[in-house]
Amino acid sequence: MTALGAVFRPQLPPERLRSVARIADSTGLEELWLWEDCFLEGGISTAAAALAWTERVRIGVGLLPVPLRNVAITAMEAAALHRMFPGRAIVGVGHGVQDWMGQVGARAESPVTLLREHLEALRALLGGQRVSVDGRYVKLDGVALDWPPDGAVEVLAGATGPRTLRLTGEAADGTILTAATPPDGVRRACRLIEEGREKAGRTGAHKVVVYLLTATGPGAADRLRAELVAEGLESVPELGVAGDAAAVADAVRRLADAGADTVVLQPTGDEPDPEGFVRFTAEEVRPLLP
């Protein structure tokens, strides 16, 4: 069964999140995803608020940029979410947009090395271990969480390039792929992730989450085309979908057939009705999927 979610884009003001989250919860949407994009809204603060306002929907943060965060802080905040809202928080980390990282003086010379060190330490801390490490970027001296999560939790990582995709297979419990990933791209990503898993001897489950740029309602095709052009992606085949629930469900199925475990519908930046978009996802698209 393919899980289905929707994105609350941080281009919306944070005070709008409450109504969107409550509709996600009341309509039975499985997952609502948030972004920590510079310089819009914090991922942990918005996730905590959305979880507190709701009862059952899972809240994903995809993703927290590791150059901005000491891994101990990431672990403390993630552990608090998992303990306060068991089974409902999904935390993903990643390189972050390098231009943004440069703006705040946090750009790493080797983003892959930083992400590897952060993932390894984060998973160990959330697993209740006491961690000492003297890495290139991550340095911990006998650090352990007083309040680790009760039981195992997943740590996901965002990836685009081959090296990072292999790394997520080695060191993360799942991979988040951007909306610039068509079905063929998902297949390639899954192969690279599996290479990393084999190298590390990993045999457990590995979740693949894919964003799908989606437009529906009046002017949907024009809004989708404008966003793809703005991102320089208009020439990529099978990227994004515009249309009714049947058209969107078909696009979700293509990504699922390519290897996605979760497909998250990402509205265009100018989506006129964010609450309606979430309702459309839950009440019209979800029933058309297995």
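Residues numbered from 1 in each chain as written. Predicted model: local features only at pLDDT ≥ 70, side-chain atom pairs only at ≥ 80, totals over all residues. Heavy atoms only, no water.

Visitor: Any details on empty space enclosed by the protein? Residues and values, ideally.
Guide: Within this structure, the stated rule accounts for one cavity of 30 Å³ or more. What lines the largest cavity is a set of 14 residues, and nearest its centre among them are Arg9, Leu12, Pro267, Glu271 and Pro274. Elements with a contribution of two residues or more to the lining of the largest cavity: strand E1 (3-8) and helix H10 (274-285). A class-by-class count of the residues in the lining of the largest cavity yields eight nonpolar, three polar and three charged. (1 Å grid on protein atoms, 1.4 Å probe; cavity = no way out; pocket = protein on both sides within 12 Å on 5 of 7 lines; lining within 4 Å. Points joined across faces, edges and corners; volume = space filled by probe spheres on them. Helix = DSSP H or I, 4+ residues; strand = E, 2+ residues; numbered from the N terminus. Nonpolar A, V, L, I, M, F, W, Y, C, P; charged D, E, K, R; others polar.)

Visitor: Tell me about unusual backbone geometry, and please be specific about residues and values.
Guide: Cis geometry marks the peptide bond from Cys38 to Phe39; its omega dihedral reads 0°. In this fold, Phe39 is placed in the loop between strand E2 (31-34) and helix H2 (43-53). Backbone torsion omega between Gly62 and Leu63 reads 25°, so that peptide bond is classified as cis. Structurally, Leu63 can be placed in strand E3 (residues 58-65). Unusually for a residue other than glycine, Glu238 sits at a positive phi of about 60°. Mapped onto the elements of the fold, Glu238 is located in the loop between helix H8 (220-230) and strand E10 (241-242). For Glu238, a relative accessible area of 48% corresponds to the partly exposed category. (Buried < 20%, exposed > 50% of the residue type's maximum accessible area, 1.4 Å probe, protein only.)

Visitor: Residues and numbers for helix H1 (residues 17-27), please.
Guide: Every buried residue belonging to H1 is among Leu17, Val20, Ala21, Ile23, Ala24, Asp25 and Thr27, and all of these are buried. Two residues or fewer past H1, Gly28 is found with a positive phi of approximately 85°.

Visitor: I'd like a rundown of the side chain of Ser110, residues and numbers included.
Guide: Within the element layout of this structure, Ser110 appears in the loop between helix H4 (98-103) and helix H5 (111-126). In this structure Ser110 comes out as buried when scored by relative accessible area, which is 13%. Among residues more than four places away in sequence, those in contact with Ser110 are Arg136 and Tyr137. (Contact = heavy atoms within 4.5 Å.)

Visitor: A description of the nonpolar core should follow, citing residues and the corresponding values.
Guide: By size, the foremost hydrophobic cluster in this structure holds 76 residues, and its most contacted members are Leu32, Leu265 and Val285. The element best represented in this core is H5, accounting for nine residues. With near-sequence residues (within four places) excluded, Val285 lies in contact with Leu4, Ala245, Val248, Ala249, Leu265 and Phe280. Within the second largest apolar cluster, 16 residues are counted, among which are Ile90, Ala179, Tyr211 and Ala215. (Core = buried A, V, L, I, M, F, W, Y, C linked by side-chain atoms within 4.5 Å.)

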